[in-house]
Amino acid sequence: MVELEEKQKLKGFKNLKKYLRYFQNYRFLCFMFWLLLVLSAVISFFSPMVLGKVIASMTADTNFPLAWKFALVFFGLEVIQILLGMSRVPFFKKLENYVKRDVKLDVLKNSFNINIGEYENLGNGLFVTRLTTDLDSLATSFKQISETVVSFISKIGFIVYVTITNIWIGLFLILFILTRYFVYQIRIHYFAKLKPKVLSQGEKINSLIGESVRGIKDIKTLGLSTSVLSRVNSMQTEYMKRDTKEWYVGYGLCALANFVSALCNLSFIGICIYLIKISQLDLAIFYTIYVYKNNVIDFAVQLGDLQNHFKEMEVNAHRVFELMDEKMYSHDKFGLTKIDNFQGNIEFKNVTFSYVRGETILDNVSFRIAPNSHVAFVGESGCGKSTIVGLICKLYDPTAGIIYFDGVDSLTLDQSFGKNVSMINQFPYVFNMTIRENMQMVKPDVTDREIYHALKLANADDFVKELPLKLDSYLGEGGTRLSGGQKQRICIARALLKNSKIIIFDEATSALDNISQEKVMDNVDILKKDHTIITIAHRLSTIEDCDIIYFIKKGKIVAFGTHKELMKKNQQYRNLYHKQKKEQSLIPTDEAE
């Protein structure tokens, strides 16, 4: 157990160093920020000395004109302190935002390479929290640590000044600081144990709330609001227990620290009374030390807070950069082979796949897809159709067997291969942007003419032209301002703009009416001369003109051929086709039977 904690500490420290390296890219901003902080610290060191001169001039010397002069100097130092504080803010904000941007882009880029299965298992709350809340906390902690470290410079200088003035008071302040530091060490120990548990529960809540927002239509139509609220309440109750425990422990230790402070204050006043009584301490020096005593004693508090900030920074850095750790989250694997002129040849050779060990989804599947052909995979739900296209998209790697693209093993291909494949699934995602901006996501320099051409192929141009803002119409979160069919057509157009060699339709027309579906599929057949088209279909009527159809059952290819060939030689395919025809009432009942 101890060894595991040591490994976690070492890992957290390495991630903290990884975060701090980002600041090296902005040395000038770092230099100016720290320079202004140091200047503030120097002024803070001299301020109590000048104030001491003011008090001494009024009490010991009764020289009020001199006291006024020192008072004006003290005022000038305070004004300079304010100006320095204002001057360092722009440097820090630039530094903070630049580093935050760089870290966010790097982590997000790496999170795109995390295996899709990790997202399915963990939920999006973990990723969202770590890229927002935890990253913001990192930047805040850096600022607090920087200011605290520099503040130490002035406080250490003042302690030296007090010690030289009166060694007994100096030693007392040092003892006081060490006592309060010990109390804060206890607090930090409990913080390190309790805080990660609070953050972990918060991630789970964020994940559920995020899913609830995206699935708001289903929650409304299925009457799930009570169930969702019950789960959120249960999870929030657990969060409250953990958060309250952390708060009580922290507050209790703060109360202990305050009690120690009160006890030390009494001791300090008693020592000063005794030293003044025996003429070992001037009244003016006492006033000066007493005014700044709490500020110096805060050295212990700040020292504890500094460790607290470091620990929090370490925890947040670990949580953020953990997303880049391939040992923690499995990442997509890529090779070094690049196919420059991809033709569209696909071959599965004895491919087996399992999402979970022991549960085989595809069992020793083999087939070939020729370039510029239209191929379909059909079968009942759960037979493995979508898994096949997931493998073609390299969302997953085969458990066994080999997948070839133009004769190259898929495991050896580099990351650039992704540009050769586009997929539109049954529940496509559109961004909360305008139609034009959604299209620019796949082709930044796309023209309106190209957009409308893609929309026409997807049978979406008519309804887009009827929108008040046309291409500048916002689609809402997840496309909430569109019907299911409209959203599918927008996504089909977006995929066509990418102009990939392989285009996959995974139930991509399921939300379309028959007329719209026929128009889209007619245009898909036109695309076949330049693209390899793969269709996953529930409605067999949509794939009758395919070059080859693979009929899948329980993870195996049980038959393949053209529609006419399968109607002749495969009873199961024929029964399924007639069953659908009957349900659609497209042929008489006796003929369907």
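It should be emphasised that the depicted structure is a prediction, and the values quoted were computed from it without experimental measurement.

**Regarding the overall build of the protein**
Along the protein, the regular secondary structure elements total 19 helices and ten strands. A total of 593 residues make up the protein; the buried ones form 45% of that total. Excluding contacts between residues fewer than 6 apart, the proportion of contacts in the protein whose partners are at least 24 apart in sequence is 76%. When the accessible area of the protein is evaluated, it comes to approximately 31900 Å², of which 58% is carbon and sulfur surface.

**Focus on the nonpolar core**
Judged by nonpolar contacts, the single largest core of 31 residues is most densely connected at Phe348, Phe377, Phe405 and Ile534. Every element with two or more residues in this core is listed here: strand S1 (346-356), strand S2 (359-369), strand S3 (374-378), helix H11 (385-392), strand S4 (400-405), strand S7 (502-506), strand S8 (532-536) and strand S9 (548-553). If sequence neighbours within four positions are ignored, Phe348 has contacts with Val365, Ser366, Phe367, Ile388, Leu391, Ile392, Ile402 and Ile403. Within the second largest apolar cluster, 30 residues are counted, among which are Leu29, Phe92, Leu323 and Tyr329.

**Here's the deal with the pairing of S9**
A large share of S9 lies buried, amounting to five of its six residues. When S3 meets S9, the two strands line up parallel, connected through four bridges. By the bridge assignment, Val378 is partnered in S9 with Phe551. Where S9 folds back on strand S10 (residues 556-561), the antiparallel hairpin that results is connected by two residues, among which Lys554 adopts a positive phi of roughly 50 degrees.

**With respect to the sheet that holds S4**
Sheet architecture is open: four strands sit in the order S2-S1-S4-S5, paired in antiparallel fashion. The open sheet has two edge strands with one neighbour each: S2 and strand S5 (408-409). Direction of pairing for S1 relative to S4: antiparallel, over a ladder of five bridges. Across the sheet, residue Lys349 finds its bridge partner in S4, namely Ile402. Packing of H11 onto the sheet brings it into contact with S1, S2 and S4, and relative to S1 it is tilted by some 115 degrees.

**Some words on the pairing of S2**
As paired strands, S1 and S2 are joined by seven bridges and run antiparallel to one another. Bridge pairing in S2 places Ile346 opposite Ile369. What sits between S1 and S2 in their antiparallel hairpin is a turn of two residues, with Gly358 showing a positive phi close to 95 degrees.

**Comments concerning the packing of aromatic side chains**
According to the stated counting rule, one finds 15 aromatic pairs in the structure shown. Judged by centre distance (4.8 Å) and plane angle (90 degrees), the ring pair of Phe353 and Tyr355 falls under edge-to-face. A centroid spacing of 5.9 Å and a plane angle of 85 degrees characterise the contact between Phe551 and Tyr573, whose relative ring orientation is edge-to-face. Pair noted here: Phe551 is in strand S9 and Tyr573 is in helix H18 (residues 571-584), with a separation of 22 residues, a long-range link. When sorted by exposure, Phe551 lands in the same class as Tyr573, which is buried. Feature note: the residues Phe348, Phe367, Phe377, Tyr550 and Phe560 constitute an aromatic cluster, connected by ring pairs. Sitting over the ring of Tyr452, Lys465 keeps its end group 5.5 Å from the ring centre.

**Overview of the environment of Arg21**
Mapped onto the elements, Arg21 comes out in helix H1 (residues 2-21). Between the C-alpha atom of Arg21 and that of Val99, which follows or precedes it by 78 residues, the distance is 9.6 Å.

**Regarding the environment of Val38**
Relative to the elements of secondary structure, Val38 occurs in helix H2 (residues 27-59). Assessed through its relative accessible area of 33%, Val38 is described here as partly exposed. It is 9.2 Å that separates the C-alpha atoms of Val38 and Glu147, two residues lying 109 residues apart in sequence.

**Structural notes on a nonpolar patch on the surface**
A cluster of nonpolar side chains, namely Phe75, Val79, Ile82, Leu83 and Met86, defines an oily patch on the protein surface of about 520 Å² accessible area. Mapped onto the fold, Val79 is located in helix H3 (residues 64-111).

**Considering the confidence of the model for the protein**
Low-pLDDT portions of the prediction should not be read for the details of their coordinates. Of all residues in the protein, 83% attain a pLDDT of 70 or more, and the chain-wide mean is 77. The secondary structure element of the protein with the lowest average pLDDT is helix H19 (residues 589-592), at 38, and the one with the highest is S4, at 90. Confidence drops under pLDDT 50 across residues 1-10; counting only partners more than four residues distant or on other chains, this segment forms one contact.

**Let's talk about unusual backbone geometry**
Even without a glycine there, the phi angle at Asn364 is positive, about 55 degrees. With respect to the secondary-structure elements, Asn364 resides in strand S2. Of note, Lys394 is a non-glycine position whose phi angle comes to about 60 degrees, a positive value. Its place among the elements puts Lys394 in the loop between H11 and S4.

Thresholds, definitions, all that
Numbering of residues starts from 1 in each chain and follows the order in which that chain's sequence is written. Where local features are concerned, this predicted model is filtered to residues with pLDDT of at least 70; where side-chain atom pairs are given and counted, the filter is 80 or more; whole-chain, interface and lining totals use all residues. The side-chain numbers reported here are obtained from all heavy atoms of the structure, hydrogens and water having been left aside. A run of H or I in DSSP becomes a helix once it reaches four residues, and a run of E becomes a strand once it reaches two; helices and strands are each numbered from the N terminus. A 1.4 Å probe rolled over the protein chains alone gives each residue an accessible area, and that area as a share of the maximum for its type sets the label: buried under 20%, exposed over 50%, partly exposed in between. For this analysis, residues touch if any pair of their heavy atoms sits within 4.5 Å. Residue-level accessible areas treat just the shown protein chains as cover; the underlying method is Shrake-Rupley with a 1.4 Å probe. Only buried residues count toward a nonpolar core, which is a set of Ala, Val, Leu, Ile, Met, Phe, Trp, Tyr and Cys residues joined through side-chain atoms within 4.5 Å. Pairing between strands is defined by DSSP: at least two bridges between them are needed. Axis definition: a line fitted to C-alpha atoms, limited for helices to the stretch in contact. Angles are taken between N-to-C directions and run from 0 to 180 degrees. In this scheme Phe, Tyr and Trp rings, the latter by its six-membered ring, pair at centre separations within 6.5 Å, and the angle between planes marks the pair as stacked below 30 degrees, edge-to-face above 60, and tilted otherwise. Here, a charge over a ring means that NZ of Lys or CZ of Arg falls within 6 Å of the ring centre while also lying within 35 degrees of the ring normal. Patches in this entry comprise residues that are over 30% relatively accessible and not in a salt bridge; like charges within 9 Å are linked, as are nonpolar side chains (Val, Leu, Ile, Met, Phe, Trp, Tyr) within 5 Å. Salt bridges, as used here, are contacts in which a Lys or Arg side-chain nitrogen is within 4 Å of a carboxyl oxygen on Asp or Glu. On a scale of 0 to 100, pLDDT captures the predictor's confidence in every residue.

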